[in-house]
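Structure assessment
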Amino acid sequence: MRNRIEVLNVKVDVVTMKEAVSHVEGFIAQKKPHLVVTPNAEMIMMANQDKHFAQIINDADLVIPDGAGVVWAARYNGDPMPERVAGYDLVQNLLVEAAKKKYRIYMLGGAPGIVDKAKENAVKRYSGLQIVGTRHGFFTKQEEPEIINNIIKCQPDILLVALGVPRQEKWLVEFMDQIKAPVAIGVGGTFDVMAGVVQRAPLWMQNLNLEWLYRLLSEPKRAIRMLALPRFVLKVMANKKR
Ligand code: UDP
């Protein structure tokens, strides 16, 4: 039985990183499409404004606590949440297993050039890794059928999609049954980090739950978007479970 808790009406699985990796490997073994979503506080606030997006998250097969804010909110309500499972880290752990077990990876999204650089770095880093296809994420509706056919031809076990939130999740729900990859994950800015054009916060900041501050300082243009964070905290407090 799945163990999930709710953060502002969004259901999140109570999982460790190790368990998340093992669930994904179980999905691959089942050979049927599964969606993995990686919500942080900003995404949960978005889902509170967008019923379709909320439904997608609540119907997903695995929903990991990507942000420190989600872990905080769960614990604030007295719900268990063993640790933060960042989407970027989940992808890296899956690539380690993929290199060992020959899972086939497809990477869709990111700016032209970025996804190929991300692939190049990944195959250097994880020896034996099979990235069976890549496609950048700036395309028109007309180009979509060709992109989808190409992904189908490549037969990936894991499809990583970076088109920004919530487009990537909506895109996957629309096409994942047609594509039939056993695992599809919306990965946001993961390819930018893998390509080395965006840096993640240093570990000490991640450990102090300050990754949001690092992002704010390094990408000040995100400031308006990041106002979702204090709004999230206030909303969680106002809705505290009794
Ligand atoms: N992106 C894309 N196509 C688009 C919009 C965005 O491929 O039409 C990529 C963008 O290059 C980045 C990723 O999606 O690599 C995540 O974008 P962003 O950081 O804006 O979204 P987030 O996931 O943080 O909300």
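To be clear, the structure that these remarks concern was listed above.
Residues numbered from 1 in each chain as written. Predicted model: local features only at pLDDT ≥ 70, side-chain atom pairs only at ≥ 80, totals over all residues. Heavy atoms only, no water.

The next subject is the overall build of the chain. Of the regular secondary structure elements, the chain holds 13 helices and eight strands. Relative to a compact globule of 242 residues, whose C-alpha radius of gyration would be 18 Å, the chain shows 17 Å and is just as compact. Oriented by its inertia axes, the alpha-carbon framework of the chain measures out at about 50 × 40 × 35 Å. Counting all 242 residues of the chain, 51% fall into the buried class. Accessible surface, the chain as shown: approximately 11900 Å² in total, 55% of it carbon and sulfur. Taken together, the 33 basic and 25 acidic charged side chains of the chain have centroids lying 2 Å from each other. (Helix = DSSP H or I, 4+ residues; strand = E, 2+ residues; numbered from the N terminus. Rg over C-alpha atoms; globule rule 2.2 N^0.38 Å. Buried < 20%, exposed > 50% of the residue type's maximum accessible area, 1.4 Å probe, protein only. Areas by Shrake-Rupley, 256 points an atom, 1.4 Å probe, with all protein chains shown as cover. Lys, Arg positive; Asp, Glu negative; His and termini not counted. Charge placed at Lys NZ, Arg CZ, Asp CG, Glu CD.)

The six strands are arranged 4-3-8-7-5-6 in an open sheet whose pairing can be described as parallel. Bordering the open sheet on either side are strand 4 (62-63) and strand 6 (130-135), each of which pairs with just one other strand. (Pairing = 2+ DSSP bridges.)

We now examine the site of the ligand. The ligand sits among 15 residues. The nearest are Gly110, Gly137, Arg167, Asp192 and Arg225. Taking alanine 111, its main chain carries an N or O atom lying 3.5 Å from an oxygen atom of the ligand. Protein coverage of the free-state accessible area of the ligand, which is 530 Å², stands at 76%. Split into classes, the residues belonging to the shell around the ligand amount to five nonpolar, six polar and four charged. (Near = heavy atom within 4 Å. Polar contact = N/O pair within 3.5 Å; in protein donor to acceptor, adjacent residues only side chain to side chain. Nonpolar A, V, L, I, M, F, W, Y, C, P; charged D, E, K, R; others polar.)

This paragraph deals with the pairing of strand 7 (residues 158-162). For strand 7, the buried fraction is high: five of the five residues fall into the buried class. Residues Ile158, Leu160 and Ala162 point to one face of strand 7 and Leu159 and Val161 to the other, with burial holding for every one of them. Note that strand 5 (residues 104-109) and strand 7 share five bridges and pair parallel. When the bridges of strand 7 are listed, methionine 107 appears paired with leucine 160. Here four bridges tie strand 7 to strand 8 (residues 183-186), and the two strands are oriented parallel to one another. By the bridge assignment, leucine 159 is partnered in strand 8 with alanine 184.

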